[in-house]
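Working through the structure, step by step
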Amino acid sequence: MNIFQKIKCALIYREAIRKADRAHNSDGGRYYVMPSAEGKLIIMDRKNFRIFKRKQYISSKATVKDMLNECFYCTPYRNGTGELPPLVIAIKRKQYLDWYRKKKKTSTTRPLE
């Protein structure tokens, strides 16, 4: 990944975190930055997670704990607990970078015709 891709990747990630924090500040709920099937980041809370499960966009066997493991960032709970420590944030950021690299690799390679 060249320097321009790294900068673009960092900007996308930072904007997603900013949106999640903004949503958390507006109503106090816990929000998760999740990967989508289209290769973009989405901001999701528990209510929308359940809606996605009901509409079968997400497996019906998925749990909130799975969402916490798969997310790239999450805000604290309403009462202020559950804030991610800096070490976990660094791990989640690396997880995002790996996902972004894989997504870019699959989107740039075309099947043989």
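Description of the structure in this document. (Residues numbered from 1 in each chain as written. Predicted model: local features only at pLDDT ≥ 70, side-chain atom pairs only at ≥ 80, totals over all residues. Heavy atoms only, no water.)

To continue, consider the packing of aromatic side chains. Here the structure, examined in full by the defined rule, presents six aromatic pairs. Ring plane angle 20 degrees and centroid distance 4.9 Å describe the contact between Tyr 13 and Tyr 96, whose orientation is recorded as stacked. Taken as a pair, Tyr 13 in helix H1 (residues 3-27) and Tyr 96 in helix H4 (residues 86-108) lie far apart in primary sequence, 83 residues in all. Of the two residues, Tyr 13 and Tyr 96, neither departs from the other in class, the shared state being buried. (Phe/Tyr/Trp six-rings, centres within 6.5 Å; stacked < 30°, edge-to-face > 60°. Helix = DSSP H or I, 4+ residues; strand = E, 2+ residues; numbered from the N terminus. Buried < 20%, exposed > 50% of the residue type's maximum accessible area, 1.4 Å probe, protein only.)

Moving on: the sheet that holds strand E2 (residues 41-44). Spatially, E2-E1-E3 is the arrangement adopted by the three strands of the open sheet, whose pairing is antiparallel. Two strands lie at the open edges of the sheet, namely E2 and strand E3 (73-74), each paired on one side alone. With four bridges joining them, strand E1 (residues 32-35) and E2 adopt antiparallel strand pairing. The residue of E2 that forms the bridge with Met 34 is Ile 42. On top of the sheet, H1 reaches E1, E2 and E3; it is set at about 15 degrees to E2, its chief contact. (Pairing = 2+ DSSP bridges. Contact = heavy atoms within 4.5 Å. Axes fitted to C-alpha atoms, helices over the stretch in contact; angles between N-to-C directions.)

Keep in mind these numbers describe shape, not what the thing actually does.
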